[in-house]
Amino acid sequence: MLEKKISQFTIVDIVERNIHFTKTNTIFDAEDYEIYNEGQLQAFNEILIDVKAMTETAFLNKYLEIVKKIGKQMEDEHFKDTNILEVEKLSGYNNAIVKILECINPKYAYDFDN
């Protein structure tokens with residue numbers, strides 16, 4: 001894994017390393033982040049499948065739309081107040097997507113318009 005030339009390093013490598021880190025990390029208490037990590041792992045696993053099969057445009061369209069939809073859900077005060085665990089899971093899911101989108105183009109940390 002570490003003997004690859006950087007020019008051979010792909011988005012698949014980045015996603016796989018994020019999955020590995022999320023599963024094995026000892027920096028943060030796993031119990032405290034269990035639900036958040038569940039959301040992250042769900043997103044990373046979906047992304048891993050999609051980066052192997054989709055074009056960049058199709059990938060961006062799909063995941064930018066997901067991030068926008070999650071953003072609208074999070075603006076709903078009733079949703080946030082009644083679904084605390086779901087909010088935590090969605091936060092992990094959303095943040096994992098944004099992390100990968102940023103690797104494609106850093107602007108996606110701030111702007112979700114394609």
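See above for the structure.
Residues numbered from 1 in each chain as written. Predicted model: local features only at pLDDT ≥ 70, side-chain atom pairs only at ≥ 80, totals over all residues. Heavy atoms only, no water.

**Q** Explain the environment of Ile100 here, please?
**A** The residue Ile100 is located in helix α5 (residues 84-104) in this model. Sequence separation between Ile100 and Phe44 is 56 residues; the distance between their C-alpha atoms is 8.6 Å. (Helix = DSSP H or I, 4+ residues; strand = E, 2+ residues; numbered from the N terminus.)

**Q** So what exactly am I meant to see when it comes to the pattern of salt bridges here?
**A** Note that side chains of opposite charge can pair when their charged atoms are close. For the structure on display, the rule yields three salt bridges. Of the charged contacts, one joins Asp13 and Lys4 as a salt bridge, the two residues approaching to 2.7 Å between their closest N and O atoms. Since its relative accessible area comes to 11%, Asp13 is described here as buried. Using a relative accessible area of 38% as the deciding quantity, one classes Lys4 as partly exposed. Two residues, Lys89 and Glu38, come together in a salt bridge whose shortest N-O distance is 3.2 Å. (Salt bridge = Lys/Arg side-chain N within 4 Å of Asp/Glu carboxyl O. Buried < 20%, exposed > 50% of the residue type's maximum accessible area, 1.4 Å probe, protein only.)

**Q** Explanation requested: a negative patch on the surface in the structure shown.
**A** A cluster of acidic residues, Asp29, Glu31, Asp32 and Glu34, forms a negative patch at the surface. Its relative accessible area of 66% is what places Glu31 among the exposed residues. (Patch = residues over 30% accessible without salt bridge, like charges linked within 9 Å, V, L, I, M, F, W, Y side chains within 5 Å. Areas by Shrake-Rupley, 256 points an atom, 1.4 Å probe, with all protein chains shown as cover. Lys, Arg positive; Asp, Glu negative; His and termini not counted. Charge placed at Lys NZ, Arg CZ, Asp CG, Glu CD.)

**Q** Help me understand the packing of helix α2 (residues 34-53) against helix α3 (residues 56-75), please; the structure alone is not making it clear to me.
**A** In helix packing, the relevant descriptors are the interaxial angle and the interaxial distance, both defined with respect to the helix axes. At their nearest, the axes of α2 and α3 sit 9 Å apart, and the two run at 155 degrees to each other. It follows from the interaxial angle that α2 and α3 lie roughly antiparallel. Seen from above, α2 lies across α3 with right-handed handedness. For the pair α2 and α3, contact is made by Glu46, Ile47, Asp50 and Val51 and by Phe59, Lys62 and Tyr63, respectively. Considering only residue class, the contact of α2 with α3 consists of four nonpolar, no polar and three charged. (Axes fitted to C-alpha atoms, helices over the stretch in contact; angles between N-to-C directions. Parallel < 35°, antiparallel > 145°, perpendicular 65-115°, else oblique. Left-handed = near helix turned anticlockwise from the far one by under 90°. Contact = heavy atoms within 4.5 Å. Nonpolar A, V, L, I, M, F, W, Y, C, P; charged D, E, K, R; others polar.)

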